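# What the coordinates show
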Amino acid sequence: MSPRPARRPLPRRFFARDTLTVARELLGCLLWARPAGGEPCAGRIVEVEAYLGEDDPASHAAGGPTPRSAIMFGPPGHAYVYLSYGMHHCLNAVTGPPGRAGAVLLRAFEPVVGEEAMAARRGRADSRTLGAGPGRLCQALGIDRAWNGLPLAAPPASGREPSAPGRVWIATGPPPAAIAVGPRIGIRKAVASPFRFCDRDSRCLSRPPGSGSF
DNA sequence: GAACCGATTGCCT
DNA sequence: GGCAATCGGTTCG
């Protein structure tokens, strides 16, 4: 029997650390989303990529802040959503200390809660590919550019921000037994950097795992 | 303003 | 395996 999935949002300090560390530790966590007019859905994160700051040529933060990438320079634990290839939305978690750009692209999940609703949004039933890819993941959860900037984490206890989970958040979950590491997918710059991390044993990856591991 | 390009996906051959 | 779809962001003139 699998345990009841955790729902409590991770604290903001989880995301305030080094982007590569956050990326690895997001594997196994539960991504929750509550689309407008829909019930909460969740998936177990099995594939992520780290995008660093101005020193990472493949990052949208390369070359300093722009209107699009400004969110990556802001406080950690927020959603960075952008439109890819004019068609697909991609969801990132902003990482690192404020002022220091960084984000983790959520590339794939395994369906956990609300699979039927997610499949309906996708227009396809196959659970293997339901969330296997950054665009598919967002489509399954009903995430689009309107979600850009939403908090993903619980705010600091001393803050004045509302503590209730919003439309999207991340909770703890069962970590993978083994993590595979490899180069990021689909980029044309910094192709050698091994910043992609996946649950080696998951069958819901967007592509086969990289050969590296730890 | 115009041109170019992309952290993708699904369908076609 | 190849390639079209499709549009916001960024850069350039």
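Structure: above.
Scope of this entry: the structure provided in the associated data block. (Residues numbered from 1 in each chain as written. Chains lettered and ligands numbered in written order. Predicted model: local features only at pLDDT ≥ 70, side-chain atom pairs only at ≥ 80, totals over all residues. Heavy atoms only, no water.)

## Some details on the protein's contact with DNA strand B
What counts, and what does not: Whether a residue is near a molecule or strand is decided by its heavy atoms; if any one of them lies within 4 Å of it, the residue is near. In protein, a polar contact requires one atom able to donate a hydrogen and another able to accept it; more generally it is a pair of N or O atoms within 3.5 Å, and residues adjacent in sequence count only if both atoms are side-chain atoms. Secondary structure elements follow DSSP: runs of H or I of four or more residues count as helices, runs of E of two or more count as strands, with numbering from the N terminus. Here the nonpolar group is Ala, Val, Leu, Ile, Met, Phe, Trp, Tyr, Cys and Pro; Asp, Glu, Lys and Arg are the charged ones; every other residue, Gly included, is treated as polar.
The environment of DNA strand B is formed by 21 residues, the closest being Y82, N92, R122, G135 and R136. For DNA strand B, the backbone makes up 62% of the atoms found within 4 Å of the protein, where backbone means sugar plus phosphate. Here H88 contributes a side-chain N or O atom positioned 3.0 Å from a base oxygen of DNA strand B. Contact distances for DNA strand B include 2.7 Å between a phosphate oxygen and a side-chain N or O atom of R122. Taken together, the elements giving at least two residues each to the surface near DNA strand B come down to β3 (79-84), β4 (88-94), β5 (103-113) and α4 (134-141). Sorting elements by how many residues they give to the surface near DNA strand B places α4 first, with 3 residues. A per-class count over the surface near DNA strand B returns 8 nonpolar, 8 polar and 5 charged.

## Here's the deal with the protein's contact with DNA strand C
Every residue near DNA strand C is listed here: T66, P67, R68, L83, Y85, G86, M87 and R145. A share of 58% of the atoms of DNA strand C within 4 Å of the protein falls on sugar and phosphate groups. For DNA strand C, a sugar or linking oxygen lies 3.2 Å from a polar atom in the side chain of R68. The separation between a base oxygen of DNA strand C and a polar main-chain atom of Y85 is 2.4 Å. Considering only residue class, the surface near DNA strand C consists of 4 nonpolar, 2 polar and 2 charged.

Shape is all these values report; function is a separate question.
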